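Chain by chain, the residues run as shown.
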Amino acid sequence: CAGLPLNSPLLKPKLLLYEEAAIRLQRPTFQLSFSSVRQLVLNLQKSPANPTELKGDAFDEESVLGTLEGNSLRTSRRDTSTLRLFLALIFWDEECMINMLEILSDFAEPDVSTSRTHFRLFVIGLAGFEMGR
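Looking at the confidence of the model for the protein
Moving on, step 1. With 98% of its residues at a pLDDT of 70 or more, the protein shows a mean pLDDT of 91.
Moving on, step 2. Across the protein, the element-wise mean pLDDT spans from 88 in helix 1 (residues 11-24) up to 96 in helix 5 (residues 94-104).

Right under this line is the structure:
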């Protein structure tokens with residue numbers, strides 16, 4: 001999906017294919033990742049009333065995280081908070097930025113995915129820089 005414009009007719013089907021593959025392979029955390037990214041894309045395309053919330057047709061953060069516990073909850077909260085911080089930067093929602101930075105302050109250490117770590121640290125750094133201006 002990298003490099004596809006937000007209005008590409010290929011974007012939604014590709015993300016859905018990844019979600020379906022995660023279901024077939026019985027990887028619920030992967031499915032959660034792809035559905036949350038799909039919701040991020042929908043928020044960028046449709047600009048809902050509260051665009052920094054991951055709540056819509058593809059994903060509902062509150063209800064999904066409410067079903068998780070332990071490490072699954074911790075890592076999923078880390079990932080959704082990173083996406084929400086990214087949306088908060090785009091839509092300039094300072095309150096959301098502060099809340100997400102507070103949550104993400106516990107996640108400065110690298111995780112197994114280098115690209116996920118770099119994206120998270122990039123978004124945290126950019127938010128901190130922009131808020132300090």
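Some remarks on the packing of helix 2 (residues 28-46) against helix 4 (residues 70-91)
Moving on, step 1. Packing of helix 2 against helix 4 leaves a shortest axis separation of 11 Å and a crossing angle of 15°. Considered as vectors, helix 2 and helix 4 are oriented roughly parallel to each other. Pair helix 2 / helix 4 crosses with right-handed handedness. Contacts between helix 2 and helix 4 involve Thr29, Leu32, Ser33, Ser36, Val37, Leu40, Asn43 and Leu44 from the first element and Ser72, Ser76, Asp79, Thr80, Leu83, Phe86, Leu87, Ile90 and Phe91 from the second.
Moving on, step 2. Here the residues of the contact of helix 2 with helix 4 sort into 9 nonpolar, 7 polar and 1 charged.

Structural notes on the packing of aromatic side chains
Moving on, step 1. Tallied over the entire structure, the rule returns 2 aromatic pairs.
Moving on, step 2. With a centroid separation of 5.3 Å and an interplanar angle of 25°, the aromatic rings of Tyr18 and Phe34 are classed as stacked. Taken together, the residues Tyr18 in helix 1 and Phe34 in helix 2 connect sequence positions 16 residues apart.
Moving on, step 3. Look at Tyr18 and you get partly exposed, because its relative accessible area is 35%.

Considering a nonpolar patch on the surface
Moving on, step 1. Judged by side-chain polarity, Phe119, Phe122, Leu126 and Phe129 come together as a nonpolar surface patch covering roughly 380 Å² of accessible area.
Moving on, step 2. Checked against the element boundaries, Phe129 lands in helix 6 (residues 114-132).

A few points about the layout of surface pockets
Moving on, step 1. The space that makes up the largest pocket amounts to roughly 1100 Å³.
Moving on, step 2. Taken together, 34 residues make up the lining of the largest pocket; nearest its centre are Ser33, Phe34, Val37, Leu83 and Arg116.
Moving on, step 3. For the lining of the largest pocket, the elements supplying multiple residues, two or more each, are helix 1, helix 2, helix 4 and helix 6.
Moving on, step 4. By residue number, the principal contributor to the lining of the largest pocket is helix 2, which donates 10 residues.
Moving on, step 5. A class-by-class count of the residues in the lining of the largest pocket yields 18 nonpolar, 11 polar and 5 charged.

With respect to the side chain of Ser76
Moving on, step 1. By the element assignment, Ser76 lies in helix 4.
Moving on, step 2. Polar contacts involving the side chain of Ser76 include one to the main-chain carbonyl oxygen of Ser72, which spans 2.8 Å.
Moving on, step 3. Excluding its chain neighbours within four sequence positions, the residues that come into contact with Ser76 are Leu32, Leu65 and Leu68.

About the cut-offs
- Residues numbered from 1 in each chain as written.
- Predicted model: local features only at pLDDT ≥ 70, side-chain atom pairs only at ≥ 80, totals over all residues.
- Heavy atoms only, no water.
- pLDDT = per-residue confidence, 0-100.
- Helix = DSSP H or I, 4+ residues; strand = E, 2+ residues; numbered from the N terminus.
- Axes fitted to C-alpha atoms, helices over the stretch in contact; angles between N-to-C directions.
- Parallel < 35°, antiparallel > 145°, perpendicular 65-115°, else oblique.
- Left-handed = near helix turned anticlockwise from the far one by under 90°.
- Contact = heavy atoms within 4.5 Å.
- Nonpolar A, V, L, I, M, F, W, Y, C, P; charged D, E, K, R; others polar.
- Phe/Tyr/Trp six-rings, centres within 6.5 Å; stacked < 30°, edge-to-face > 60°.
- Buried < 20%, exposed > 50% of the residue type's maximum accessible area, 1.4 Å probe, protein only.
- Patch = residues over 30% accessible without salt bridge, like charges linked within 9 Å, V, L, I, M, F, W, Y side chains within 5 Å.
- Areas by Shrake-Rupley, 256 points an atom, 1.4 Å probe, with all protein chains shown as cover.
- Salt bridge = Lys/Arg side-chain N within 4 Å of Asp/Glu carboxyl O.
- 1 Å grid on protein atoms, 1.4 Å probe; cavity = no way out; pocket = protein on both sides within 12 Å on 5 of 7 lines; lining within 4 Å.
- Points joined across faces, edges and corners; volume = space filled by probe spheres on them.
- Polar contact = N/O pair within 3.5 Å; in protein donor to acceptor, adjacent residues only side chain to side chain.

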